[in-house]
Every structure is written in C-alpha cells, then in structure tokens.
Amino acid sequence: MATGYGALPIWAVIVALGVATFGIRASFIYLFGRVDDVPERATRALEFVPPAVFAALAFPALVAPEGAIAVVGNERLLAGIVAGVVAWYAEDIFATIAAGMAALWLLRFGVPAI
C-alpha cells in the first residue's frame, strides 16, 4: 500500500500510539495497585468487558466469513446459532464446542447443498 508519507512520520505515529496504549494500560495497573478496594461500580462495569471483546472478535467471523455479509448458505452462522442455543440451555463449554463443531461439520460435509 503506497502512501504519500515518508518513513519517519509513519514510525512516529506507530511509536506515539504504542506509548499512548502503554500509558492507558499502565495507568490502570498503577491505579488498581494503589487502591485497596476496587469501587463496586467499576467492578460491575468491568464484568462486561470479556463478553464484549469475544463478541467483537467472533461476530464478524460468523456473519461475514468471506468478507461480505452472508446469511443464506452460511454454515458458520447456523453452527454458531446451534452453539449459542446449546450454551444457553446447557451452560457447559464442552457441550457448546462439541455441538457447534458437530453442526458445522454436518452442514459443511454431511448435508448436500440445496
């Protein structure tokens, strides 16, 4: 990818963003290292971070596996729905993974395309 910028401005932006990212993360480590009890409001807010990150990573792979949104004929989306239903009712991670993979394999290799 060619740009009109030279190497120095690009590296300067990379280093600046790296320092900013490190500063944000270090500030939380420093803050929570100095505070004996994390406030209840912060604890409740931080409980939603792992599911939000997982959804942000997994959702595009299910809805747009080839770069474009595909609902019809998307076996990954159907297998993800099956895994979601199993996770909702069983609350067992092994059962969720097994059901999702079994559904994906059945849809991909076992069921002929209509």
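Refer to the preceding data block for the structure.
These remarks concern the structure in this document. (Residues numbered from 1 in each chain as written. Predicted model: local features only at pLDDT ≥ 70, side-chain atom pairs only at ≥ 80, totals over all residues. Heavy atoms only, no water.)

With respect to the overall build of the protein
The helix and strand inventory of the protein stands at five helices and zero strands. Element order for the protein, N to C, with α for helix and β for strand: α-α-α-α-α. Its C-alpha atoms give the protein a radius of gyration of 22 Å, clearly above 13 Å, the size a compact globule of 114 residues would have. Along the longest, intermediate and shortest principal axes, the C-alpha atoms of the protein span 55 × 50 × 20 Å. For the protein, the residues scored as buried account for 9% of the 114 residues in total. Taking the intrachain contacts of the protein between residues at least 6 apart in sequence as the baseline, contacts between residues at least 24 apart amount to 26%. Summed over its atoms, the accessible surface of the protein is roughly 9,700 Å², and 73% of this surface lies on carbon and sulfur atoms. A gap of 9 Å separates the mean positions of the 6 positive and 8 negative side-chain charges of the protein. (Helix = DSSP H or I, 4+ residues; strand = E, 2+ residues; numbered from the N terminus. Rg over C-alpha atoms; globule rule 2.2 N^0.38 Å. Buried < 20%, exposed > 50% of the residue type's maximum accessible area, 1.4 Å probe, protein only. Contact = heavy atoms within 4.5 Å. Areas by Shrake-Rupley, 256 points an atom, 1.4 Å probe, with all protein chains shown as cover. Lys, Arg positive; Asp, Glu negative; His and termini not counted. Charge placed at Lys NZ, Arg CZ, Asp CG, Glu CD.)

A closer look at the layout of surface pockets
One number sums up the size of the largest pocket: a volume of about 360 Å³. Lining of the largest pocket is provided by 14 residues; of these, Phe54, Leu62, Ala79, Gly80 and Ala83 occupy positions nearest its centre. Elements with a minimum of two residues in the lining of the largest pocket: helix H3 (49-63), helix H4 (75-90) and helix H5 (93-110). A per-class count over the lining of the largest pocket returns ten nonpolar, three polar and one charged. (1 Å grid on protein atoms, 1.4 Å probe; cavity = no way out; pocket = protein on both sides within 12 Å on 5 of 7 lines; lining within 4 Å. Points joined across faces, edges and corners; volume = space filled by probe spheres on them. Nonpolar A, V, L, I, M, F, W, Y, C, P; charged D, E, K, R; others polar.)

Things to note about the side chain of Thr96
The topology assignment puts Thr96 in helix H5. A polar atom in the side chain of Thr96 sits 2.8 Å from the backbone oxygen of Asp92. Those residues in contact with Thr96 that sit more than four places away from it in its chain are Ala83, Val86 and Ala87. (Polar contact = N/O pair within 3.5 Å; in protein donor to acceptor, adjacent residues only side chain to side chain.)

Focus on the side chain of Asn74
Here Asn74 is to be found in the loop between H3 and H4. Of the polar contacts made by the side chain of Asn74, one reaches the backbone oxygen of Leu62; its length is 2.7 Å. Each residue touching Asn74, except ones within four places of it in the same chain, is listed here: Leu62, Val63 and Pro65.

A word on the environment of Gly80
For Gly80, the position within the fold is in helix H4. Looking at Gly80, the relative accessible area reads 25%, which means it is partly exposed. Each C-alpha atom, one on Gly80 and one on Met101, is 8.9 Å from the other, the two residues being 21 residues apart in sequence.

A closer look at H5
Look at H5: 24 Å from first C-alpha to last across 18 residues, which is about the 26 Å you get at 1.5 Å a residue. Of all the positions in H5, only Thr96, Ala99, Gly100, Ala103 and Leu104 are classed as buried. Buried residues of H5, seen end-on, are gathered within an arc of 125° and therefore sit on one face of the element. Summarising the geometry of H5, the exposed residues directed more than 90 degrees from the buried face are Phe94, Ile97, Trp105, Leu106 and Phe109. Those residues of H5 that are buried lie in contact with H4. (Expected span 1.5 Å × (residues − 1). Arc of directions from axis to C-beta.)

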